[in-house]
Amino acid sequence: MRIGIDFDNTIACYDELFHKVALEQGLINNLTPANKVAVRDHMRSRGQEADWTELQGVVYGKRMKEAAIFSGVLEFIAYAIERGDEVYIISHKTSHPVIGPRYDLHAAARQWIEQNLIWDKALLLPSEQIFFKPTREEKLAQIERCGCDLFIDDLPEVLTSAAFPRQTEAILFDPEGHHRLPDTLSFATWQEIMVYTGMDDS
Ligand SMILES: [Mg+2]
């Protein structure tokens, strides 16, 4: 089986980091809950759209190494490989932030992967199985090119796109239950995705 996985907010978790950096920069106060959507909504409600865009550049670039990994991702990928599946990371990510300092976002993400996607002291995925694409269209084309049987993403827009490959099963990763998609399977944890894909050995 070929399994494709999105990167930002599906493997890498930025909730705490957005909150931390926004607090440091005085963009929010302690009352804002420690998750990405709460930080974004708070800033938008105060007309700080440009600050929000710049904050994303800082979090995905300069501060990327502080991002967390979602619980269960490592086990999922390790078990998938162990049973003979092919696993790809396919992400839509621009090379540099839209505004603010020109951090190399692809390099930051690859470094994070080298430090975090470790299982039994070895890197789980070779770099040839990791794709960062500058546009959503190119991401969707890569999902097709990899022949994914399954693709896991936190963004409904990706999974419900007309360009999403017809032979690929879509799985929405939605830890906070933000969405309700009528025709798409949705899970809140990687542990649930493991059960669904038959990798649960408990
Ligand atoms: Mg994502």
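From a predicted model like this one, the values you see are computed outputs, not experimental measurements.

### Re the pairing of strand β4 (residues 86–92)
Argument step 1. The buried count for β4 comes to five of seven residues, which makes it a mostly enclosed element.
Argument step 2. Sheet topology note: the strand β1 (residues 2–5)/β4 ladder contains four bridges and is parallel. Counted as the bridge partner of G4 is Y88 from β4.
Argument step 3. Two elements, β4 and strand β7 (residues 130–133), share four bridges in a ladder whose sense is parallel.

### Some words on the environment of Q111
Argument step 1. Structurally, Q111 can be placed in helix α5 (residues 105–116).
Argument step 2. As for Q111 and K65, which are separated by 46 residues in sequence, their C-alpha atoms are 7.7 Å apart.

### Some details on the coordination of the magnesium ion
Argument step 1. For the magnesium ion, the protein coordination sphere consists of D6 (OD), D8 (O) and D154 (OD), at 2.1 to 2.2 Å.
Argument step 2. Taken in sequence order, the residues that donate to the magnesium ion follow the motif D-x1-D-x145-D. One end of the pair, D6, is in the loop between β1 and β2 (12–13); the other, D154, is in the loop between β8 (150–153) and α7 (156–159), and 148 residues separate them in sequence.
Argument step 3. A relative accessible area of 5% places D6 in the buried class.

### Remarks on the sheet that holds β7
Argument step 1. With parallel pairing, six strands are arranged side by side in an open sheet as β7-β4-β1-β8-β9-β10. Strands at the two margins of the open sheet, each flanked by one partner only, are β7 and β10 (185–187). Averaged over all adjacent pairs, the angle separating strand axes in this sheet is 25 degrees, with direction ignored.
Argument step 2. Note: strand β9 (residues 169–173) against β10, three bridges, orientation parallel. Directly across from L172, in β10, lies its bridge partner S186.
Argument step 3. Against the sheet, α5 contacts β4 and β7, and its axis sits at roughly 155 degrees relative to β7.
Argument step 4. Docked against the sheet, helix α6 (residues 136–145) engages β4, β7 and β8, running at close to 170 degrees with respect to β4.

Each value, and the rule that gives it
- Residues numbered from 1 in each chain as written.
- Predicted model: local features only at pLDDT ≥ 70, side-chain atom pairs only at ≥ 80, totals over all residues.
- Heavy atoms only, no water.
- Buried < 20%, exposed > 50% of the residue type's maximum accessible area, 1.4 Å probe, protein only.
- Helix = DSSP H or I, 4+ residues; strand = E, 2+ residues; numbered from the N terminus.
- Pairing = 2+ DSSP bridges.
- Donors = N, O, S within 2.8 Å, 3.2 Å for Na, K, Ca; no water.
- Axes fitted to C-alpha atoms, helices over the stretch in contact; angles between N-to-C directions.
- Contact = heavy atoms within 4.5 Å.

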